[in-house]
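Next come the chains, spelled out residue by residue.
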Amino acid sequence: MYLNDFYENYKQIIENVGGYVAAKEHLLKMKIYLALALRLDKDKGESIELSYKAAIGGRFYSFDMFLPQGISILKIPANSIIEIKCNLIADAIHRLNDVAKLWKQENPESKVYLLFDENTVVSDTVLKKAKALKLSDIYKVDRFISLIDKRKKLNDQIKQEEQNWKQRRNSILEDAKFCFRENNCTLFLGAGVSQDAGGPSWKSLLEKSVKRLRKPFTKRDFNKIYNACSMSPIIMGRYLVGNKKQKEILTKYLHDYVLYKNVNISESGLISAICDMVSTNKVESIITYNYDNLVETALKNYGIEVASICSKSRSLKGELPVYHVHGLIPEKDSDVQSTPVLSEEDYHAIYRESYHWSNVEQLHALDRNTCFFIGLSMTDPNLRRLLDVSHKDSDREVRHFAFLKREKLYAYEKEHKKNEMHFSIIEIQLEDLGVNVIWYEDYKEIPLMLKEICAELKLRE
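Worth saying up front: this structure is predicted, and the values here are computed from it rather than measured.

Cut-offs applied
- Residues numbered from 1 in each chain as written.
- Predicted model: local features only at pLDDT ≥ 70, side-chain atom pairs only at ≥ 80, totals over all residues.
- Heavy atoms only, no water.
- Core = buried A, V, L, I, M, F, W, Y, C linked by side-chain atoms within 4.5 Å.
- Buried < 20%, exposed > 50% of the residue type's maximum accessible area, 1.4 Å probe, protein only.
- Helix = DSSP H or I, 4+ residues; strand = E, 2+ residues; numbered from the N terminus.
- Contact = heavy atoms within 4.5 Å.
- Pairing = 2+ DSSP bridges.
- Polar contact = N/O pair within 3.5 Å; in protein donor to acceptor, adjacent residues only side chain to side chain.
- Axes fitted to C-alpha atoms, helices over the stretch in contact; angles between N-to-C directions.

Engineer: Even after reading the chapter, I still don't get the nonpolar core, so can you show me in this structure?
Structural biologist: The nonpolar side chains of a soluble globular protein tend to be buried, and buried together. One finds Leu187, Leu254, Ile286, Phe372, Ile374 and Phe403 to be the most contacted residues of the largest nonpolar core, which totals 59 residues. The biggest single contributor to this core is helix α12 (residues 269-279), with seven residues. Leaving out residues up to four positions away in the same chain, Leu254 has contacts with Leu205, Ser209, Leu259, Tyr291, Ile329 and Leu342. Residues Ile287, Ala402, Val435 and Trp439 belong to the second largest nonpolar core, which totals 25 residues.

And the structure:
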């Protein structure tokens, strides 16, 4: 604001000295330069070059400002240029658009800004046509600075909200450390664990199955079929598997070509972290929704005795039970194998039997242990039902922990409040089921957090 005051107070002096237009344009440049300079991130090497000259299309052009690294906080990309005019005329727009076209051929991600103070010559029609070309961004100076201020405030809000949820996460991680140290624990594992070793996601598994079982449909038809099945893996499973014979064909196909293809457990940081947790002797059991036995193989490589269970059977003393509540398709020939839960019909069979062994084992873990949900979306209807039953029949303590990816509903930063509301609702929902949410943005964060949770116990050994 003080530059505006400077301009008004010394307007007469400038006019008396002469060169009014040049002096006014210089003040405009100072105003814009300061507005931008205050937002530069010096740690990233961001800078502003004044009176920049560039060779474009075999000719030299001079621009008022050049931003070689851009300005990250304002979302201005690298190699952007700014031209400033006191009075806007049509000829200036046409010339800059011609230059911008050539500039963007060499710097496609850059922006070309044309800023002006007064519009006394150019009609609104000319401006609209120029903006429609999207070769240059044309703003009145005050409007441009206002947008800068709004962007800065928005980024400050987003940064503060990011700090807030990360601080909350740190607090929840401290609680998780305490619970892991003081209580017996159960690990609930989902498809995300196998994916970390190169295995398929649920959606990928279904996609491949469509091609195998439902000819002439191909993978390209999958999204249409998935939408027709209300985007439900359970309904999709029934769509694929109509009888026992088809289930046998699909089980063999999953074993031979899907579950273990391109898998390497030695490269999975997540499975390694899970093995570290188990090695502390605080993990009483593992409940997995995966058909594969990758985790058991990794645990055996760690020297840990395990028992794969997929029916009413027990583990021997000294063995860690790994319950495959949706069935098991082992990598190698094994005495332990079951028909996988693939379709809606299979799920209903489990739902309607309160004392089904898989429900009993899950409720046992939820009622007595601290449970960590890893690689799960927490949307499985039977799991949510069991959580609800367990939590409502307990002291209502929120003692379980789920690792969830912080996936935004909206990509636009101006919608950040809607995103925050979305995350808050998920947290409240799961707290009502007895589960704390530990958010992450990158899958690589999960192994680090798991190692942090069990670190104190590892040091004591």
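From this point, the narrative continues.
Engineer: When you look at the pairing of strand β2 (residues 59-67) in this model, what are you seeing that I'm missing?
Structural biologist: Both faces of the sheet carry side chains from a regular strand, because those side chains alternate between them. Across seven bridges, strand β1 (residues 49-56) lies against β2 in antiparallel orientation. Among the inter-strand pairings, Leu50 is bridged to a residue of β2, identified as Met65. Adjacent in sequence and paired antiparallel, β1 and β2 are bridged by two residues, among which Gly57 carries a positive phi angle near 60°.

Engineer: Before we go on, may I ask you to explain the side chain of Ser136 in this structure?
Structural biologist: If you trace the backbone, Ser136 turns up in the loop between α5 (124-133) and β5 (137-140). Judged by its relative accessible area of 4%, Ser136 is buried. In this structure the side chain of Ser136 is engaged in a polar contact, spanning 2.8 Å, whose partner is the side chain of Asn97.

Engineer: Please clarify how the sheet that holds β2 should be interpreted in this entry.
Structural biologist: Paired through backbone hydrogen bonds, the strands of a sheet run either parallel or antiparallel to each other. Reading across the sheet, the five strands line up as β1-β2-β3-β4-β5 and stay open at both edges, with mixed pairing between neighbours. The two strands at the open ends of the sheet, each matched to only one other strand, are β1 and β5. On average, each strand axis in the sheet is inclined to that of its neighbour by 40°, with strand direction left out of account. Direction of pairing for strand β3 (residues 80-87) relative to strand β4 (residues 112-118): parallel, over a ladder of six bridges. Each residue of the ladder has a partner; that of Ile81, found in β4, is Val112. Relative to the sheet, helix α4 (residues 90-106) contacts β1, β2, β3, β4 and β5, its axis offset from that of β4 by approximately 165°. Along the sheet, helix α6 (residues 141-182) contacts β4 and β5; its crossing angle with β5, the most-contacted strand, is approximately 100°.

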